[in-house]
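# Observations on the three-dimensional arrangement
These are the residues of each chain, in order.
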Amino acid sequence: MSEVKQTHSEPGWFTRLAHPGLFLGWSRHIVIPLAGLSTIAFAIGLYLAFWGSPADYQMGDTVRMMYVHVPAAWLSQFCYALMFASAIGTLVWRHPMADVSQKAAAPLGALFTALALFTGALWGRPTWGTYWEWDGRMTSTLVLLLIYLGIIALWRAFDDQLKAARIVAVFTLIGAVNIPIIKFSVDWWHTLHQPASVFRLDGPTIAPEILTPLLAMTLAFSLLFMLLHLVRMRTEVRKRRVRSLELAQARAAKGARP
Amino acid sequence: MIELGQHWEFIALAYGGTALAVLAAIAWTCIDAERTKAHLKVLEAARAARETR
């Protein structure tokens, strides 16, 4: 009897997480707290970036550009990792929420990659004397932006979103080869770009008074990314419902015609 | 406001450009969400009307 009772009880956490209809239910409770947390994190991060951070002994005040450049660059790669995991969800489990996650993330990835390139170019001019250099890090990041744009174009090229999801997933898995190239480009080739100074096996090499605002801004940007991704996923679930209702409406109109 | 040194225009452009792009992304996400929600509401009302007929 107890087993029968369990079958009719509340759905498990994974079902709640993964079912599109239930996802709309639980995720709406997260949007406002996430927006609040993100706003607070930005307020603290910006305060630390302008008032809490000293000028760097070599770069001077231009070090403040790092507090927007590094979080954007981090998110450009984190977003791709998220899309990579979602692509596996699409291809292995054929889960609709994995498709939704992939589609919702791609424009955000493009945005943060473009911001990383934009702020990097602005930082490069006073630091290196040039906005752009065809070196490993910069070129591979530009390739990442082109991959994101290609993925967005692929999504838009198909009416059948289930078919699009599988093709985009394969493309995403192939494109993932660029992520280690971005990461290790500064070690493999002699470049203008400095080597990793935060995400290192032996720990960060940045002074704590500069590392603290950097981590605060990275947290703020990450919370903003999570918020935008969640809201875009909710919208995509609704868009799919719109599409199926429009099809039903069209079928009903066809059936009613004499 | 804090003194940003001789390269202040690069710093201002980096923060200003980032703020503009982030605000545009937030606005676009909110508008898209609201428009989709409204469209879905209309379609669900139409379906309910069809079913009661």
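What you see is a predicted model; the values in this text were computed from it and never measured.

## Quick word on the overall build of chain B
When its secondary structure is counted, chain B shows 1 helix and 0 strands. The C-alpha radius of gyration computed for chain B amounts to 22 Å, which surpasses the reference 10 Å derived for 53 residues by more than 25%, pointing to a less compact arrangement than a globule. The principal-axis extents of the C-alpha atoms in chain B amount to approximately 75 × 15 × 5 Å. Among the 53 residues that make up chain B, the fraction classed as buried is 28%. Entry remark: accessible area of chain B is about 3,600 Å², with carbon and sulfur atoms responsible for 67%. Charge separation in chain B, taken as the distance between the mean sites of 6 positive and 6 negative side-chain charges, equals 20 Å.

## Some details on the UniProt feature "transmembrane region" (unreviewed entry) in chain B
Summarizing the sequence annotation, UniProt attributes the feature "transmembrane region" (unreviewed entry) to residues 12–31 of chain B in the numbering used throughout. Helix makes up 100% of residues 12–31 of chain B and strand makes up 0%, while its end C-alpha atoms are separated by 28 Å.

## Re the UniProt feature "transmembrane region" (unreviewed entry) in chain A
Residue and element names in this part refer to chain A. In this numbering, the UniProt entry assigns the feature "transmembrane region" (unreviewed entry) to residues 30–52, 72–93, 105–124, 136–155, 167–190 and 210–231. The span residues 72–93 is 100% helix and 0% strand, and its two end C-alpha atoms sit 31 Å from each other. Between the C-alpha atoms that bound residues 136–155 there is a distance of 29 Å. The span itself is 100% helix and 0% strand.

## Looking at the confidence of the model for chain A
Here chain A averages 89 in pLDDT, and 92% of its residues register 70 or above. Confidence drops under pLDDT 50 across residues 1–6 of chain A; counting only partners more than four residues distant or on other chains, this segment forms 0 contacts.

## Re the UniProt feature "domain: Cytochrome c assembly protein" (unreviewed entry) in chain A
UniProt's feature table lists "domain: Cytochrome c assembly protein" (unreviewed entry) at residues 30–193 of chain A, given in the numbering used throughout. A helix fraction of 80% and a strand fraction of 0% characterise residues 30–193 of chain A, whose end C-alpha atoms lie 38 Å from each other.

## Regarding the packing of aromatic side chains
Residue and element names in this part refer to chain A. Tallied over the full model, the rule gives 14 aromatic pairs over all chains. With 5.1 Å between their ring centres and 65° between their planes, Phe 42 and Phe 221 make a pair best called edge-to-face. Residue Phe 42 is found in helix H3 (residues 20–52), and its partner Phe 221 is found in helix H9 (residues 208–256); the two are separated by 179 residues along the sequence. Of the two residues, Phe 42 and Phe 221, both sit in the buried class.

## Comments concerning the pattern of salt bridges
Counted under the stated rule, the structure contains 6 salt bridges over all chains. The salt bridge partner of Glu236(A) is Arg240(A), with a shortest N-O separation of 2.9 Å. With a gap of 4 residues between them, Glu236(A) and Arg240(A) both fall in helix H9, about one helical turn apart. Like Arg240(A), Glu236(A) is buried. When the shortest N-O distance is used, the salt bridge between Glu44(B) and Arg241(A) registers 3.4 Å.

About the criteria used
- Here the residue numbering is sequential within each chain, running from 1 through the sequence in written order.
- A letter from A marks each chain and a number from 1 marks each ligand, given out in the order of writing.
- Since the coordinates come from a predicted model, pLDDT governs what is reported: local features require at least 70, and pairs of side-chain atoms require 80 or more to be given and counted, while whole-chain, interface and lining totals use all residues.
- To obtain the side-chain values, all non-hydrogen atoms of the structure were used and water was disregarded.
- Each helix is a run of H or I in the DSSP string that is no shorter than four residues. Each strand is a run of E no shorter than two, and both are numbered from the N terminus.
- Each radius of gyration is computed over the set of C-alpha atoms, and the globule rule expresses the reference value as 2.2 Å times the number of residues to the power 0.38.
- Working definition: with a 1.4 Å probe on protein chains only, accessible area under 20% of the residue-type maximum means buried, over 50% means exposed, and in between means partly exposed.
- All accessible areas in this document rest on Shrake-Rupley with a 1.4 Å probe, and a residue is counted as covered only by the protein chains that are shown.
- As used throughout, the charge tally considers Lys and Arg to be positive and Asp and Glu to be negative, leaving His and the chain termini uncounted.
- For the purpose of locating charges, the reference atoms are NZ of Lys, CZ of Arg, CG of Asp and CD of Glu.
- UniProt positions are given in the numbering used here, feature names are shortened, and annotations may be inferred rather than shown by experiment.
- As a per-residue measure, pLDDT reflects the predictor's confidence and takes values from 0 up to 100.
- For this analysis, residues touch if any pair of their heavy atoms sits within 4.5 Å.
- Working definition: rings of Phe, Tyr and Trp (its six-membered ring) pair if their centres are within 6.5 Å, and the pair is stacked with planes under 30 degrees apart, edge-to-face with planes over 60 apart, and tilted otherwise.
- The rule for a salt bridge is simple: a side-chain nitrogen of Lys or Arg has to be within 4 Å of a carboxyl oxygen of Asp or Glu.

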